[in-house]
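# Residue-level structural notes
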Amino acid sequence: MLLVTGGAGFIGSNFVLDWLTQNSEPIVNLDKLTYAGNLENLQSLKDNSNHIFVKGDIADSALVSELLQKYKVRAVINFAAESHVDRSIHGPGEFIQTNVIGTFNLLECARNYWNTLAQKEKESFRFLHVSTDEVFGSLGAKDPAFTEQHRYEPNSPYSASKAASDHLVRAWLHTYGMPVLTTNCSNNYGPYHFPEKLIPLVIHNALKGKPLPIYGDGQQIRDWLYVTDHCSAIRCVLEKGLVGETYNIGGCNEKANLQVVHTICDLLDAKMPKTDGTSYKNQITFVTDRPGHDKRYAMDASKIERELGWRPAQTFETGMAKTVDWYLNNSQWTENVTSGAYRDWVAKQYV
Ligand code: NAD
Ligand code: TYD
């Protein structure tokens, strides 16, 4: 049995869905169901006895310990986090609580449980921590991409809290010998992506005839990876990764934000043309930049390819086309998540 945390969020739910399609091993899915957690993502699993959903907090040690023992967990995959940089700027407290204290608690519960295991199970147990490229800070235009050796230079409350959690995971290996793995991935996109993040927000706003907000000059660069490629990389690291190693995951798809938004507009112009014949690009609006906005992220994913044989299956073009199609075919999902709380966030962020 796997214990997946945050499995009702964007990447976690994609991981759970993919895993249960491809494996007979069950998952216990622990998620607090914050604004970002959505059981609708897991609707197709409602009759699947290999999916056990538990609403709860990774910082709840009694609950986490109970789940580890009850389900004889052989691996923990920690997706649970507060994940939105802009929200971390407005209110960093929740980020420290879940990303730092929550991960600490999960590690401690896992360590206590791991210590009770027989030698064979102890050796095969894994704690896989899912992290981000943002812990490495920002690159200049001509700098080489981040390798696993790049120094940690987080710049936002979000990335600082993720960096702190990565350090805790590292320390639990070196101090207690816990069999941990850490993955640092670039920006994901795809189905079930909450429309506060750039790509789903732009698709949603475009279809609603609303402004497409570009922070600053729109020349900041991100390295985009289709979400199911991230999920396949995590499966690969869980199966073949060497204990204590960290693996960078990326799509080799560096794009400026404005270029990403133009791609979305071109796809929508072709698939869902506006009745007045104009382009969705006319809705692009430049807004105040994010404070401390990181200029460029780029991942060197050669280690995971060389050592574990992982490569992304999607290109930026195929992934973006699939993503736009998904949002066009699942408009009810977006309608359901863009409720009152979502509207309050948009009003606060885009005054
Ligand atoms: P998300 O915000 O969509 O989902 C997070 C999930 O965690 C939600 O379901 C939420 O309810 C749950 N959660 C939050 N606090 C919790 C708590 N205290 N206890 C239990 N559950 C809790 O995030 P995501 O985009 O799916 O990211 C998942 C992980 O991947 C995060 O750790 C994030 O740092 C990392 N990551 C994300 C990206 C990206 O582009 N989205 C890239 C690299 C790494
Ligand atoms: P985001 O999806 O929030 O991911 P992250 O900040 O973790 O990289 O943002 C991606 C990029 O898009 C980032 O450079 C900020 C920018 N952005 C906008 O220009 N406008 C927006 O409305 C949002 C949400 C993001």
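Since the model is a prediction, treat every value here as computed from it, not as a measurement.

### Let's talk about the site of ligand 1
Taken together, 28 residues surround ligand 1, and among them I11, D31, S83, Y158 and K162 come closest. Within the backbone of I11, one N or O atom sits 2.8 Å away from an oxygen atom of ligand 1. At 3.0 Å, a side-chain N or O of T98 approaches a nitrogen atom of ligand 1. Burial of ligand 1 by the protein amounts to 96% of the accessible area it has alone, namely 840 Å². Within the residue set of the shell around ligand 1, elements represented by two or more residues are α1 (10-22), β5 (126-132) and α6 (157-176). Here the element with the most residues in the shell around ligand 1 is β5; it accounts for 3 residues. Across the shell around ligand 1, the residue classes break down as 12 nonpolar, 12 polar and 4 charged.

### Focus on the nonpolar core
The biggest cluster of nonpolar side chains holds 64 residues, and the ones touching the most others in it are L2, F15, I77 and I304. Contact partners of L2, with chain neighbours within four places excluded, come to F15, W19, E25, P26, I27, V28, V73, R74, A75, I77 and L238.

### Quick word on helix α7 (residues 198-208)
In terms of burial, α7 is a largely internal element, 8 of the 11 residues being buried. Listed in full, the buried residues belonging to α7 are I199, P200, L201, V202, I203, H204, N205 and A206. On its buried face, α7 is in contact with β7 (188-189), β8 (212-215), α9 (257-271), α11 (316-329), α12 (331-337) and α13 (340-349). G209 lies just past α7 and shows a positive phi near 75°.

### Let's talk about unusual backbone geometry
In this structure, L33 is a non-glycine residue whose phi angle is positive, near 55°. Residue position: L33 is located in the loop between β2 (27-31) and β3 (51-55). Overall, the relative accessible area of 25% leaves L33 in the partly exposed class.

### A word on the pattern of salt bridges
All chains considered together, the criterion is met by 16 salt bridges. The shortest N-O distance in the salt bridge between E153 and R151 comes to 3.6 Å. The exposure class of R151 is exposed, given its relative accessible area of 59%. With a closest N to O distance of 2.7 Å, K281 and D266 form a salt bridge. Pair noted here: K281 is in the loop between α9 and β13 (284-287) and D266 is in helix α9, with a separation of 15 residues, a long-range link. Its relative accessible area of 32% is what places K281 among the partly exposed residues.

### Here we look at the layout of surface pockets
Space left empty within the atom packing is revealed by a probe, the size of a water molecule, rolled over the atoms. Looking at the largest pocket, its volume works out to about 550 Å³. Around the largest pocket, the lining is made up of 26 residues, and of these P213, V346, Q349, Y350 and V351 lie nearest the centre. When residues of the lining of the largest pocket are traced back to their parent elements, those giving at least two are α3 (85-90), α7, β8, β13 and α13. Take the lining of the largest pocket: its biggest share by element is 5 residues, from α13. Of the residues assigned to the lining of the largest pocket, the class counts are 11 nonpolar, 7 polar and 8 charged. Lining the second largest pocket are 18 residues, with E148, Y152, R170, G244 and T246 sitting closest to its centre. Those elements that place two or more of their residues in the lining of the second largest pocket are α6, β6 (180-185) and β11 (246-249). The biggest single contributor to the lining of the second largest pocket is α6, with 6 residues. By residue class, the composition of the lining of the second largest pocket is 6 nonpolar, 8 polar and 4 charged.

Criteria and thresholds
Residues numbered from 1 in each chain as written. Chains lettered and ligands numbered in written order. Predicted model: local features only at pLDDT ≥ 70, side-chain atom pairs only at ≥ 80, totals over all residues. Heavy atoms only, no water. Near = heavy atom within 4 Å. Polar contact = N/O pair within 3.5 Å; in protein donor to acceptor, adjacent residues only side chain to side chain. Areas by Shrake-Rupley, 256 points an atom, 1.4 Å probe, with all protein chains shown as cover. Helix = DSSP H or I, 4+ residues; strand = E, 2+ residues; numbered from the N terminus. Nonpolar A, V, L, I, M, F, W, Y, C, P; charged D, E, K, R; others polar. Core = buried A, V, L, I, M, F, W, Y, C linked by side-chain atoms within 4.5 Å. Buried < 20%, exposed > 50% of the residue type's maximum accessible area, 1.4 Å probe, protein only. Contact = heavy atoms within 4.5 Å. Salt bridge = Lys/Arg side-chain N within 4 Å of Asp/Glu carboxyl O. 1 Å grid on protein atoms, 1.4 Å probe; cavity = no way out; pocket = protein on both sides within 12 Å on 5 of 7 lines; lining within 4 Å. Points joined across faces, edges and corners; volume = space filled by probe spheres on them.

Keep in mind that these numbers describe shape and distance, not what the molecule does.
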